[in-house]
Amino acid sequence: MRAIYLTGFMGAGKTTVGRRLGEVLGVPVIDTDTYIEQQTGKTIAQIFSEEGEETFRAYEREILRQLPTEHVIVTTGGGIVIQEENRQFMRAHGIVIYLHCELHELFRRLADDATRPLIMKNKQEQIKKLFEQRLPWYKEAHMTIDTTNRTVDDIVQSIVFMLKTPHF
Ligand SMILES: Nc1ncnc2c1ncn2[C@@H]1O[C@H](COP(=O)(O)OP(=O)(O)OP(=O)(O)O)[C@@H](O)[C@H]1O
Ligand SMILES: O=C(O)C1=C[C@@H](O)[C@@H](O)[C@H](O)C1
Ligand SMILES: [Mg+2]
């Protein structure tokens with residue numbers, strides 16, 4: 001099985017859905033954010049504040065290339081699609097699944113979150129701006145799943161169904 005890359009905005013559920021999908025398919029799951037935290041011994045927030053976003057993006061680009069591309073689910077950070085070479089890499093090495101979520105629900109899911117450095121201030125404004133900027137990049141995925149108002153199990157079932165269609 002080729003790698004499955006889950007992409008989407010912060011709060012779309014990549015980490016949560018990926019973990020469950022891994023259990024259902026019996027495939028190991030690697031989360032790029034968690035991997036970077038383990039490798040650097042720092043939290044994402046610490047990396048942003050101590051080393052800056054550009055360094056974080058360099059870590060992200062590098063580790064994406066170090067990960068296996070077979071028999072794995074890679075749950076990505078929300079900003080992995082910013083770099084064109086990452087979008088190309090994922091499309092070339094696996095199946096890219098974009099987890100879409102409507103803004104009003106993202107606002108709800110991210111309301112109490114304090115771990116994502118890019119949306120600390122002016123929350124809803126920041127979320128909307130980033131979301132609109134990135135939407136065309138997310139849409140370059142092989143398939144899109146809408147997660148708005150759906151449970152994690154329902155989303156996982158849809159992904160499993162779509163993966164069984166002959167095209168994939
Ligand atoms: N389908 C869903 N319905 C309701 N809440 C959800 C759903 N999926 C995820 N959540 C909740 O939304 C929050 C964000 O989920 P998660 O951390 O999986 O997002 P993410 O896409 O990995 O974000 P990031 O890009 O920041 O890593 C969590 O509190 C999670 O429990
Ligand atoms: O959307 C983003 O730019 C980010 C999403 C998170 O997964 C982390 O990778 C980090 O907080 C940046
Ligand atoms: Mg995540």
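Residues numbered from 1 in each chain as written. Chains lettered and ligands numbered in written order. Predicted model: local features only at pLDDT ≥ 70, side-chain atom pairs only at ≥ 80, totals over all residues.

1. Describing the site of ligand 2
Thought 1: Around ligand 2, the neighbouring residues are Met-10, Asp-33, Ile-44, Gly-77, Gly-78, Gly-79, Arg-116, Pro-117 and Leu-118.
Thought 2: In terms of residue class, the shell around ligand 2 is made up of 4 nonpolar, 3 polar and 2 charged. (Near = placed C-beta within 6 Å. Nonpolar A, V, L, I, M, F, W, Y, C, P; charged D, E, K, R; others polar.)

2. Describing the pairing of strand E4 (residues 94–100)
Thought 1: E4 sits mainly inside the fold: 6 of its 7 residues count as buried.
Thought 2: Bridge analysis of strand E1 (residues 3–7) against E4 gives 5 bridges, and the strand direction is parallel. Within the sheet, the bridge partner assigned to Tyr-5 lies in E4 and is Val-96.
Thought 3: Bridge analysis of E4 against strand E5 (residues 143–146) gives 4 bridges, and the strand direction is parallel. Residue pairing across strands places Ile-97 opposite Met-143, the latter belonging to E5. (Buried ≥ 20, exposed ≤ 12 C-beta atoms within 10 Å, placed from the backbone. Helix = DSSP H or I, 4+ residues; strand = E, 2+ residues; numbered from the N terminus. Pairing = 2+ DSSP bridges.)

3. A few points about the UniProt feature "binding site: ATP" (unreviewed entry) in the chain
Thought 1: Mapped onto the present numbering, the UniProt feature "binding site: ATP" (unreviewed entry) falls at Gly-11, Ala-12, Gly-13, Lys-14, Thr-15, Thr-16, Arg-116 and Arg-150. The largest pairwise C-alpha distance within this set of annotated residues, which runs over 140 residues, is 22.9 Å, so the set is dispersed in three dimensions.
Thought 2: With respect to the helices and strands, the residue Thr-15 is situated in helix H1 (residues 14–25).
Thought 3: Relative to the elements of secondary structure, Arg-116 occurs in the loop between helix H6 (103–110) and helix H7 (123–138). (UniProt positions renumbered as here; feature names shortened; annotations may be inferred.)

4. Some thoughts on the site of ligand 1
Thought 1: Around ligand 1, a shell composed of 18 residues is seen, among which Gly-13, Lys-14, Thr-15, Thr-16 and Gly-78 lie nearest.
Thought 2: Listing elements by their share of the shell around ligand 1, those giving two or more residues are H1 and helix H8 (152–164).
Thought 3: No other element matches H1, which puts 3 residues into the shell around ligand 1.
Thought 4: Residue composition of the shell around ligand 1, grouped by class: 4 nonpolar, 9 polar and 5 charged.

5. Here we look at the sheet that holds strand E3 (residues 73–75)
Backbone-to-backbone hydrogen bonds join strands into a sheet, with any given pair of strands oriented parallel or antiparallel.
Thought 1: Pairing is parallel in the open sheet, where 5 strands are placed in the order E2-E3-E1-E4-E5. Two strands close off the open sheet at either side, each with one partner strand: strand E2 (29–31) and E5. Strand-to-strand twist in this sheet, taken as the mean axis angle between neighbours without regard to direction, amounts to 25°.
Thought 2: Looking at chain direction, E1 and E3 are connected through 3 bridges and run parallel. Note on E3: the bridge partner recorded for Ile-4 is Ile-73.
Thought 3: Its contacts with the sheet put helix H2 (residues 32–40) on E2 and E3, and the angle it makes with E2 is roughly 70°. (Axes fitted to C-alpha atoms, helices over the stretch in contact; angles between N-to-C directions. Contact = placed C-beta atoms within 7 Å.)

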